[in-house]
Amino acid sequence: MPDTPPGRSASFDILHVGSLRPGVTSTCSLVRDGRRVVVVDPGMVERQADLLAPLGALGLTAADVTDVVLSHHHPDHTINCGLFGSARVHDHWAVYHGSSWDSVDAEGRLLGDSTMLIRVPGHSAEDIALVAGTTHGVVVFTHLWWTADGPADDPYAPDRSVLRASRERVLRFADMIVPGHGPPFAPADATPR
């Protein structure tokens, strides 16, 4: 199974750049792929307006969001998921919509022609990443890195060898990485492995 989607027509915007000080906020992204309007990791922010105002500036409302992707189940990445009540919610083992629970593994799950999910255990055993094919290359939304600088060894990783294997997988094809708590970055030789 390929690690990247077949298409290269998705686009993305950062709704909120995460940080670790003062306080913890997650990086929250918007990915558009045809009719799919996807929010990735609507987690902790100071105010819900920190997610909704940038969405509005892009001409969208919470009701326009068709899908939410949760990279993992830590509250700092999930706490504002309810803002998008009509969206399908994707995690490592299911898709949730209204009162429907569809058990389906995330690995290889296509959301659109240019977006798919892959399993990338590391920060937690259930981590997934959204892989988006764009006209500028392949962008991966993942918590395998907190920021461009690391930490090199995730202190919460249950098994650092699994973390390193998932990082190597992503680094084989990613042109841009959107980490869990920082701005996007292009992988380089100095990127923690």
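Residues numbered from 1 in each chain as written. Predicted model: local features only at pLDDT ≥ 70, side-chain atom pairs only at ≥ 80, totals over all residues. Heavy atoms only, no water.

Undergrad: Run through a nonpolar patch on the surface, naming residues and quoting values.
TA: Nonpolar side chains collect at one region of the surface, where Val24, Met44 and Ile79 lie side by side and expose about 240 Å² of accessible area between them. Assignment of secondary structure puts Ile79 in the loop between helix H2 (75-78) and strand E5 (88-90). (Patch = residues over 30% accessible without salt bridge, like charges linked within 9 Å, V, L, I, M, F, W, Y side chains within 5 Å. Areas by Shrake-Rupley, 256 points an atom, 1.4 Å probe, with all protein chains shown as cover. Salt bridge = Lys/Arg side-chain N within 4 Å of Asp/Glu carboxyl O. Helix = DSSP H or I, 4+ residues; strand = E, 2+ residues; numbered from the N terminus.)

Undergrad: Hey, could you go over the pattern of salt bridges for me, with residue numbers and the actual values?
TA: By the definition in use, this model includes nine salt bridges. Residues Asp67 and Arg88 are paired through a salt bridge, measuring 3.1 Å at the closest nitrogen-oxygen approach. A residue pair is termed long-range when its members are at least 10 positions apart, and Asp67 in strand E4 (residues 67-69) and Arg88 in strand E5 qualify at 21 residues. Using a relative accessible area of 27% as the deciding quantity, one classes Arg88 as partly exposed. The salt bridge involving Glu107 is made with Arg169; its shortest N-O contact spans 2.7 Å. (Buried < 20%, exposed > 50% of the residue type's maximum accessible area, 1.4 Å probe, protein only.)

Undergrad: Give a description of the pairing of strand E10 (residues 128-134) that names residues and reports values.
TA: Where burial is concerned, most of E10 is hidden: seven out of the seven residues are buried. Of the strand pairs in this sheet, strand E9 (residues 115-119) and E10 are connected by five bridges, and their pairing is antiparallel. If you follow Leu117 over to E10, its bridge partner there is Leu130. Where E10 meets strand E11 (residues 137-141), five bridges bridge the pair, whose relative direction is antiparallel. Within E11, the position partnered with Leu130 by the bridge is Phe141. (Pairing = 2+ DSSP bridges.)

Undergrad: Before we move on, could you go through the sheet that holds E11 and cite the residues and values that matter?
TA: Either a parallel or an antiparallel arrangement is found when strands of a sheet pair, and the pairing is made through backbone hydrogen bonds. One open sheet holds the five strands; their spatial order is E8-E9-E10-E11-E12, and the pairing between them is mixed. Each having just a single partner strand, strand E8 (110-112) and strand E12 (176-178) make up the two edges of the open sheet. Averaged over neighbouring strand pairs, the angle between their axes works out to 25° when direction is ignored. (Axes fitted to C-alpha atoms, helices over the stretch in contact; angles between N-to-C directions.)

Undergrad: How would you summarise the nonpolar core if you had to cite specific residues and measurements?
TA: Core analysis: the biggest nonpolar cluster contains 18 residues, and Leu15, Leu30, Val39, Leu55, Val65, Val68 and Phe84 have the highest contact counts within it. Among the nonpolar cores identified, the runner-up in size contains 17 residues, and Met116, Leu144, Ile177 and Phe185 belong to it. (Core = buried A, V, L, I, M, F, W, Y, C linked by side-chain atoms within 4.5 Å.)

Undergrad: Describe in detail the environment of Val69, supporting the description with residues and values.
TA: Here Val69 lies in strand E4. Here the alpha-carbon distance between Val69 and His92, two residues 23 residues apart in the chain, equals 9.3 Å. Non-local contacts of Val69, meaning those with residues more than four positions away in its chain, are made with Val38, Val39, Val40, Asp41, Pro42, His90, Leu111, Leu117 and Ile128. (Contact = heavy atoms within 4.5 Å.)

Undergrad: Tell me about the environment of His92, and please be specific about residues and values.
TA: Counting through the fold element by element, His92 comes out in the loop between E5 and strand E6 (94-97). Given a relative accessible area of 12%, His92 falls into the buried group. For the pair His92 and Ile118, spaced 26 residues apart in sequence, the C-alpha to C-alpha distance is 8.6 Å. In this structure, His92 is in contact with His73, Val104, Asp105, Ala106, Arg109, Arg119, Glu126 and Ile128, ignoring residues within four places of it in sequence.

Undergrad: Tell me what's going on with helix H3 (residues 160-171), and back it up with residues and numbers.
TA: Here H3 contains 12 residues, and its C-alpha end-to-end distance of 16 Å stays within 8% of the 16 Å for a straight helix at 1.5 Å per residue. Of all the residues in H3, the buried ones are Leu163, Ser166, Arg167, Arg169, Val170 and Leu171. Buried positions along H3 lie against E9, E11 and E12. (Expected span 1.5 Å × (residues − 1).)

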